[in-house]
Amino acid sequence: MTDVEPGDPYAEAAVPLRARLVRRVVTAGGLGDPGWRAAFAEVPRHVFVPVYYRPRPAGGGFSRFSADAPDSRARASWLAGAYADAPLITHIRGGELLSSSSQPSLMAAMLEALQVLEGHTVLEIGAGTGFNAALLAHRLGGEAVTSVDLETAITQAARSHLAATGFAAVAVVTGDGSLGWARGAPYDRIIATCELPFVPPEWLRQCRPGGLVLAPFGGGLIALRVTGAHHAQGRFLPAPAYFVSLRGAGAAAHPAPEAIGPEERVRSTTTPPQVLDSELFRFLLTLLAGELQTRWAFGGRGAAITAPDGSAARADRSGTVLLAGPRDLWALVEEAHALFDCEGHPSRDRFGMTIHGDHQWTWLDHPDGPNAWELPRV
Ligand SMILES: C[S@@+](CC[C@H](N)C(=O)[O-])C[C@H]1O[C@@H](n2cnc3c(N)ncnc32)[C@H](O)[C@@H]1O
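Residues numbered from 1 in each chain as written. Predicted model: local features only at pLDDT ≥ 70, side-chain atom pairs only at ≥ 80, totals over all residues.

Asker: So what about the overall build of the protein chain? Which residues, and what values?
Answerer: Within the protein chain one finds 10 helices and 19 strands. By the compact-globule yardstick of 21 Å for 378 residues, the protein chain fits well, its C-alpha radius of gyration being 22 Å. Here the C-alpha coordinates of the protein chain stretch approximately 65 × 50 × 40 Å along the principal axes. When burial is assessed residue by residue, the protein chain has 42% of its 378 residues classed as buried. When contacts within the protein chain are restricted to residue pairs at least 6 apart in sequence, those whose partners lie at least 24 apart make up 57%. (Helix = DSSP H or I, 4+ residues; strand = E, 2+ residues; numbered from the N terminus. Rg over C-alpha atoms; globule rule 2.2 N^0.38 Å. Buried ≥ 20, exposed ≤ 12 C-beta atoms within 10 Å, placed from the backbone. Contact = placed C-beta atoms within 7 Å.)

What follows is the structure, encoded as structure tokens:
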């Protein structure tokens, strides 16, 4: 693979944009590993995102950017966007975000945390555009990389982007990644690029003992060291990470907010909705309470949270809480906030996850400590 691909009209213009993106990620403290720096400097992201979308402000739909836009300014804007340190939405259905190319600095942090060595094999869950698979292939060789995605339209596009950039040897598979891909197992590393509600047990069986599973969970990234087919443990990386959710059989069921009935109970609280402004607090709350959705309510004067079991809570800044469904979700916010304060606003890397047989739990500081939360099995 060369920097300037024959037949790619954007190849030359992309070289300085790519170099600038690498400089930005390095200045921000990323890409310390020269192998990953070279991968980012040489793999042309623009080939993987011939079309992408950006949300318009205030829920006004999406703007489309494409390599074949009729006017040259629009094409230049597409190319510059392809080398911004930003996630790029590539597939939307009915307003739902299905696939994207992740933020390059976040991809770099994940690839470094994966601790790959020459000769390793990697399974990626969430092929998306194929860009991450290409970076892995640049480092380890295409034959070492298998990447799975749910839909043919996505995998076909990923295959064609990989072929166009010289990485046709990557195996791109259409299937439900929550089952892993047994045919290529065992893998030394498994990396997911979609948010999990639960770590699929098949992944541990398909990962070599001593290997690593790295996956988005609860708005963070968990790095699990696999010690056997049914055991793994590890800590979260310090940085936040938000990904599209895993879909298919292993996905969490979330009721649409409309499915939640009228509020049944009213009470007061001294833990106001502003506590949800803290991204670190929301992370702790997700670990403690399981998967929740948070959104602003009362015209921005409060917050609403919903859980997959149909529970809902809405609190306004005056301290009034409206509750519906089987659980008092605001009691979980109160409990989580008391712990957050008591522990001095703990950073993500104080939290971890343990998998032991059928049980998976997250914890603060210690797997057997008082602050450990069993994950509901999906
Ligand atoms: C953030 S995108 C992947 C980005 C990709 N790694 C790249 O470099 O462009 C997440 C992907 O996960 C995929 N996905 C979601 N659920 C999945 C599942 N159960 N199995 C496989 N892929 C899944 C989505 O279709 C989407 O393409």
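Text resumes after the structure shown.
Asker: Describe the site of the ligand, listing the residues and the values that go with them.
Answerer: If you check the shell around the ligand, you find 25 residues, and the closest are Ser 99, Gly 126, Gly 128, Asn 132 and Gly 177. Breaking the shell around the ligand down by element, the ones donating at least two residues are strand 4 (96-101), helix 6 (131-140) and strand 6 (145-149). Broken down by element, the shell around the ligand gets its largest block of residues, four residues, from strand 4. (Near = placed C-beta within 6 Å.)

Asker: Now, about the environment of Asp 68: what can you tell me, with residues and values included?
Answerer: The residue Asp 68 is located in the loop between strand 2 (62-66) and helix 4 (72-82) in this model. Along the primary structure Asp 68 and Leu 280 are separated by 212 residues, whereas in three dimensions their C-alpha atoms are 41 Å apart.

Asker: Kindly report on the sheet that holds strand 16 (residues 320-324), identifying the contributing residues and their values.
Answerer: Sheets are built from strands that pair by backbone hydrogen bonding, the pairs being arranged parallel or antiparallel. Pairing in this open sheet of five strands is antiparallel, and the strands run 12-16-15-14-13 from one edge to the other. Each edge of the open sheet carries a strand with a single partner, namely strand 12 (265-268) and strand 13 (293-297). For this sheet, the mean angle separating the axes of adjacent strands, direction not counted, is 20°. Pairing of strand 15 (residues 312-316) with strand 16 involves four bridges; the strand directions are antiparallel. Among the inter-strand pairings, Ala 315 is bridged to a residue of strand 16, identified as Val 321. Lying on the sheet, helix 10 (residues 329-342) is in contact with strand 14 (302-306), strand 15 and strand 16; it crosses strand 15 at an angle near 65°. (Pairing = 2+ DSSP bridges. Axes fitted to C-alpha atoms, helices over the stretch in contact; angles between N-to-C directions.)

Asker: Break down the environment of Arg 18 for me, with residues and values.
Answerer: Residue position: Arg 18 is located in helix 1 (residues 11-27). The exposure class assigned to Arg 18 is buried, which follows from the 20 C-beta atoms found within 10 Å. The spacing of Arg 18 and Phe 40 is 22 residues in sequence and 7.6 Å in space, taken between C-alpha atoms. If we ignore the near neighbours within four places in the chain, the residues touching Arg 18 are Ala 41, Pro 44 and Tyr 83.

Asker: Tell me about helix 5 (residues 104-113), residues and numbers included.
Answerer: Within helix 5, eight of the 10 residues are buried, which leaves the element mostly enclosed by the surrounding structure. Against helix 1, helix 2 (34-42), helix 6, strand 8 (187-192), strand 9 (207-217) and strand 10 (220-228) lie the buried residues of helix 5. One or two steps after helix 5, the chain reaches Gln 115, where phi turns positive at roughly 50°.

Asker: Describe the nonpolar core, and please don't skip the residues or the numbers.
Answerer: General note: in soluble globular proteins, nonpolar side chains tend to be found buried as a group. Counting 101 residues, the largest nonpolar core has Phe 40, Met 110, Val 122, Ala 133, Val 213, Leu 214 and Leu 224 as its most contacted members. In terms of residues, this core owes the most to one element, helix 6, which gives seven residues. The contacts of Val 122, once residues within four sequence positions are left out, are Val 116, Leu 136, Leu 140, Ala 144, Val 145, Tyr 187, Asp 188, Arg 189 and Ile 191. (Core = buried A, V, L, I, M, F, W, Y, C linked by C-beta atoms within 7 Å.)

Asker: Explain the sheet that holds strand 8 to me, and be specific about the residues and the numbers.
Answerer: Reading across the sheet, the 10 strands line up as 7-6-5-8-9-10-11-17-18-19 and stay open at both edges, with mixed pairing between neighbours. On the outer flanks of this sheet lie strand 7 (171-174) and strand 19 (372-374), each paired with one strand and no other. Between one strand axis and the next, the sheet turns by 20° as a mean value, whatever way the strands run. Inspection of the sheet shows strand 8 paired to strand 9 by four bridges, in the parallel sense. Bridging across to strand 9, Ile 190 finds its partner in Val 213.

Asker: I'd love a proper account of the pairing of strand 9, names of residues and values included.
Answerer: Counting buried positions along strand 9 gives eight out of 11 residues, so the element sits mostly inside the fold. Between the parallel pair strand 8 and strand 9, the chain is carried across by helix 8 (residues 201-206), and the sense of this crossover is right-handed. Where strand 9 and strand 10 come together, six bridges link them in antiparallel fashion. Bridged to Ala 215 within strand 10 is Ile 222. In this structure, the hairpin formed by strand 9 and strand 10 is closed by a connection of two residues, where Gly 218 is found at a positive phi of approximately 60°. (Right-handed = clockwise from strand over helix to strand, strands pointing away.)

Asker: Which residues make up unusual backbone geometry, and what values go with them?
Answerer: Pro 186 follows Ala 185 through a cis peptide bond whose omega is 0°. In the Ramachandran plot, Leu 31 falls in the positive-phi region, its phi being about 55° despite a non-glycine side chain. Tracing the backbone through its elements, the reader meets Leu 31 in the loop between helix 1 and helix 2. Note on Leu 31: 25 C-beta atoms within 10 Å, which makes it buried. A positive phi angle is found at Asp 365, which is not glycine, with a value near 70°. Tracing the backbone shows Asp 365 in the loop between strand 18 (359-364) and strand 19. Given 14 C-beta atoms within a 10 Å radius, Asp 365 is considered partly exposed.

Asker: I'd love a proper account of the packing of helix 2 against helix 6, names of residues and values included.
Answerer: Put simply, helix 2 and helix 6 touch, their axes get as near as 9 Å, and they point 125° apart. Classified by the angle their axes make, helix 2 and helix 6 are oblique. Handedness of the crossing formed by helix 2 with helix 6: right-handed. Touching Gly 35, Trp 36, Ala 39, Phe 40 and Glu 42 of helix 2 are Leu 135, His 138 and Arg 139, all from helix 6. (Parallel < 35°, antiparallel > 145°, perpendicular 65-115°, else oblique. Left-handed = near helix turned anticlockwise from the far one by under 90°.)

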